[in-house]
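# Descriptive analysis of the structure
Listed below are the residues making up each chain.
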Amino acid sequence: MQASPPSPPASPDQQKSALPEVIFAEDLCKGCELCVTVCPTKILKLDTTRVNIRGYNPAIVYNLAECSGCGSCAKICPDSVITVRR
Amino acid sequence: MKIVYEKSRGLTDVPMHYCPGCTHGIIHKLVAETLVELDVLGRTVAVAPVGCAVFAYEYFNCDAHEAAHGRAPAVATGIKRVLPDNIVFTYQGDGDLASIGMAEIVHAAMRGENITVVFVNNAIYGMTGGQMAPTTLVGQPTTTSPLGRSRLGQGAPLRVCEMLATIEATAYIARVSVHTIPRLNAAKRSLKKAFQMQVDNKGFSLVEVLSTCPTNWGLSPVDALRWVEQNMIPAYPLGVYKDIEGGT
Amino acid sequence: MARKLMKGNEAIAAAAINAGCRFFFGYPITPQNEIPEYMSRELPKVGGSYVQAESEVAAINMVYGAAGAGARVLTSSSSPGISLMQEGISYIAGAELPCVLVNIMRAGPGLGGVQPAQADYFQATKGGGHGDYRVLVLAPANLQEAVDLTQLAFDLADKYRNPVMVLADGMIGQLMEPVELSPYRPAFALPPKDWATTGTVHSGGRQRVINSLYLYPDQLENHIRALFRKYAEMERTEVRYELYNCDEADVVIVAYGTTSRIARSAIEKCRRLGLRVGLLRPITLYPFPLAAFDQVVERTRAFLVVEMSMGQMLDDVKIAVAGRRPISFYGRTGGIVPTSEEIVKQVQELLGGRGV
């Protein structure tokens, strides 16, 4: 399991209402981009700088600050890679 | 922090072998979640098809039978007659259900067997490498219709929900898709309804799920979702085709 | 229960119910329709379930499901329908499930005829379906034996977790004879069916899967070798046969089922003609009673195999005799049932004509 990459330091207002947690079991990701496509705030992408143990570019959150915690990414993921907490 | 979404305990820990973006994974999740939410997982028996989902029993966390190609509704009939208090479901693709298994699905429906059928329709034969299916669209190229399915000689697609809805002893027949979040949510509601009908001994239920096959359609997983929207939904309208409880 | 006059098909069905069978899946085909008809009447009375399947293909798959769910289950058919069931039987054997199959043989090939025949011996004993497996095959010669062997079939099926076939013919199916159905007791202790898919709530969460797919060849080879250790055990312990009048026989007739009864009449006629003839009657066709031949081969001069076919058991007799004595064959086919006079004539030709 890998946590999403650290987002920019939170402002005091952001710290009061904690951000959702979006956790990827990265070794299961197949880079299909279904999560990327359904995310309403478009904060997901494939990390093209590396590959996971299966040889795929894993999906990551690149802007957690904009995450609404809707869980759509987790819902559509065919491989149950993503856990979302709010 | 509350869980918004996590992996269902209706699934095992075995990583799925399906192609990237294949909707089998999504449909497995919806079925698994439904079984957990209805609290029937411990008395469920799954019947796996021949097709990409031949290893479905590796992923569903319940007892299971592998079935010969197309025969899952007959196998399910045997199981349900012996174990009427168990929840018995089949999970079948378009070759399994609408080609070699056509007699079995029609007659299980005819008898009103109190089972639930999950019908995964992706208009092609996935596991064997992309041949034409009964549900392949006219004009759709496959490895056995290389110039596109020809109306002359190869016919036109079978609409399973419409056909089975004419059978008197069926209880619930619905067609759904999982290519957007709203459609996925509606698909889950349909599955829940279908399984609840079995719990309530209401009779035969079937949910047809329009699905993708990115590998054999020659599309990226995301483009494959769009293909469902643009091509499959006009050919296979979503909706409830039979509901003895009168719902929609 | 007192002796009751019953038709063969009904006696077999009654025996199955007596042995605890509560599930029947089948399809009508002549000359065995009394079996599904009897089951449709009687199973509901004992809380069982009768399903008339859409075809024999569907029926054998229902058997597979019910067997995997832990039940004693029966199906019956006749030759062309048994052909349709072959894939399912292969699956049942591969998945190591118990079931009892009844074949009331009729003439083939193809649609053939509806009169009795014994031309499914190869199909029953040499596989029939694809892959390396065996079906234990029991061949009754009269209705009481059909009753007894049907009940034994359920016990053997459960013991070995394998399909067991009761191989009869249209004559046995349609005959009426007095039979006795004693209260049933298993012939031996049987293991619990903890492999049955009753739901993980009964197994502490352990998943039970009924399956015959092994994509890794080493796993599949190991699995098949395990099946064949079972079959070796069957060959050691389950062989059944009958020897009649073989102590001083110049000719030993080899026959099973209905043909063996006709042979018995022929032997009596031969006795009155001063001819010494015996009968070696296999009761298990698989495992074939090879050792029975060792018992008689030194004491006789020739074997006469009589079948209602063009010669199928004949091949196994040749293997068993291993060239030690000459073997003759007499067959009728197409649904013709030989008379005892025809068999007497064959014996006379063998003994009188050519100085055996």
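Residues numbered from 1 in each chain as written. Chains lettered and ligands numbered in written order. Predicted model: local features only at pLDDT ≥ 70, side-chain atom pairs only at ≥ 80, totals over all residues.

## Here's the deal with the overall build of chain A
Assigned secondary structure in chain A consists of three helices and five strands. Evaluated residue by residue, chain A yields a buried proportion of 40% over its 86 residues. Sequence-distant contacts in chain A: of pairs separated by 6 or more residues, those separated by 24 or more amount to 65%. (Helix = DSSP H or I, 4+ residues; strand = E, 2+ residues; numbered from the N terminus. Buried ≥ 20, exposed ≤ 12 C-beta atoms within 10 Å, placed from the backbone. Contact = placed C-beta atoms within 7 Å.)

## So, the interface of chain C and chain B
Opposite the 33 residues of chain C that make contact, chain B presents 28 residues. Those elements that provide at least two residues to the side of chain C that touches chain B are β2 (23-26), β3 (49-52), α3 (56-68), α5 (86-94) and β9 (209-210) of chain C. No other element matches the eight residues that α3(C) contributes to the side of chain C that touches chain B. Classifying every residue of the side of chain C that touches chain B gives 16 nonpolar, 14 polar and three charged. (Nonpolar A, V, L, I, M, F, W, Y, C, P; charged D, E, K, R; others polar.)

## Comments concerning the nonpolar core
It is characteristic of soluble globular proteins that their nonpolar side chains tend to be buried jointly. With 227 residues, the main nonpolar core has Ala46(B), Val63(C), Val100(C) and Val166(C) as its most contacted residues. If near-sequence neighbours (up to four positions away) are discounted, Val166(C) is found in contact with Ile12(C), Val100(C), Val102(C), Leu138(C), Pro140(C), Ala146(C), Leu149(C), Thr150(C) and Ala153(C). (Core = buried A, V, L, I, M, F, W, Y, C linked by C-beta atoms within 7 Å.)

## Some points on the sheet that holds strand β5 (residues 99-105) of chain C
Residues and elements named next belong to chain C. Ordered in space as β3-β2-β4-β5-β7-β6-β13, the seven strands form an open sheet in which the pairing is mixed. Among the strands making up the open sheet, the edge pair consists of β3 and β13 (284-286). Within this sheet the neighbouring strands show an average axis-to-axis angle of 20°, counted without direction. One ladder, built from four bridges, connects strand β4 (residues 73-77) with β5; its direction is parallel. From the neighbouring strand, Leu74 faces β5, where its bridge partner is Val100. In the packing of helix α2 (residues 34-42) onto the sheet, contacts are made with β2, β3, β4 and β5, and the angle to β2 comes to roughly 140°. (Pairing = 2+ DSSP bridges. Axes fitted to C-alpha atoms, helices over the stretch in contact; angles between N-to-C directions.)

## Considering the domain arrangement of chain C
Residue and element names in this part refer to chain C. Taken domain by domain, chain C comprises domain 1 (4-202 + 208-237) and domain 2 (242-353). A straight line from the C-alpha centre of domain 1 to that of domain 2 covers 28 Å. Between domain 1 and domain 2, the residue contacts involve 27 residues of the former and 22 residues of the latter. Counting residues per element, the ones that place at least two in the side of domain 1 that touches domain 2 are α6 (121-125), β6 (136-138), β7 (163-169), α8 (170-174) and α9 (217-237). Class assignment of the residues belonging to the side of domain 1 that touches domain 2 gives a composition of 19 nonpolar, five polar and three charged. (Domains from an automatic or database assignment.)

## Describing unusual backbone geometry
In this model, Thr30(C) is joined to Pro31(C) through a cis peptide bond whose omega is 5°. By the element assignment, Pro31(C) lies in the loop between β2 and α2. If you check the backbone angles, Ser80(A) has positive phi at about 50° while not being a glycine. Tracing the backbone through its elements, the reader meets Ser80(A) in the loop between α3 (72-76) and β5 (82-85). Among the residues examined, Ser80(A) registers 23 C-beta atoms within 10 Å and is labelled buried. In this structure, Asn201(B) takes a positive phi of about 55° despite not being glycine.

## Notes on the interface of chain A and chain B
Opposite the 22 residues of chain A that make contact, chain B presents 23 residues. Contributions of two or more residues to the side of chain A that touches chain B are made by α2 (34-38), α3 and β5 of chain A. A per-element tally of the side of chain A that touches chain B places α3(A) first, with four residues. In terms of residue class, the side of chain A that touches chain B is made up of eight nonpolar, seven polar and seven charged. Bridging between β5(A) and strand β1 (residues 3-5) of chain B involves two bridges; their strand directions are antiparallel. Within the sheet, the bridge partner assigned to Val84(A) lies in β1(B) and is Tyr5(B).

## Quick word on the arrangement of the chains
If you rank the two pairs of chains in contact by how many contacts each has, first place goes to chains B and C. As for chain C relative to chain A, no contact occurs, and the smallest C-alpha gap between them is 21 Å.

## Details of the environment of Leu152(B)
Residues and elements named next belong to chain B. Relative to the elements of secondary structure, Leu152 occurs in helix α6 (residues 151-154). On the basis of neighbour count, Leu152 is assigned to the exposed category, with 5 C-beta atoms found within 10 Å. Note: C-alpha distance between Leu152 and Thr212 (60 residues apart in sequence) is 26 Å.

## Details of the sheet that holds strand β2 (residues 44-48) of chain B
The mixed open sheet is built from eight strands, whose spatial order is β8(B)-β6(B)-β7(B)-β5(B)-β4(B)-β2(B)-β3(B)-β9(C). Edge positions in the open sheet fall to β8 (239-243) of chain B together with β9 of chain C, since each of these has one partner strand only. Two strands pair when backbone bridges link them, and strand β6 (residues 170-177) of chain B and β8(B) are joined in this way by four bridges, in the antiparallel orientation. Bridged to Tyr172(B) within β8(B) is Asp243(B).

## Details of the pairing of β4(C)
Residue and element names in this part refer to chain C. Buried residues dominate β4, accounting for five of its five residues. Sheet analysis places β2 next to β4, joined by two bridges and oriented parallel. For Phe23, the partnering residue across the bridge sits in β4 and is Val73.

## Some details on the packing of helix α3 (residues 72-82) of chain B against α3(C)
It is at 6 Å that the axes of α3(B) and α3(C) come closest, and there the two elements cross at 45°. Viewed along their axes, α3(B) and α3(C) adopt a mutual orientation that is oblique. Along this stretch, α3(B) crosses α3(C), giving a crossing that reads as right-handed. Residues Ala74(B), Val75(B), Ala76(B), Thr77(B), Gly78(B), Ile79(B), Arg81(B) and Val82(B) of α3(B) form the contact with α3(C), whose own contacting residues are Ala58(C), Asn61(C), Met62(C), Val63(C), Tyr64(C), Gly65(C), Ala66(C) and Gly68(C). For the contact of α3(B) with α3(C), the per-class residue count stands at 10 nonpolar, five polar and one charged. (Parallel < 35°, antiparallel > 145°, perpendicular 65-115°, else oblique. Left-handed = near helix turned anticlockwise from the far one by under 90°.)

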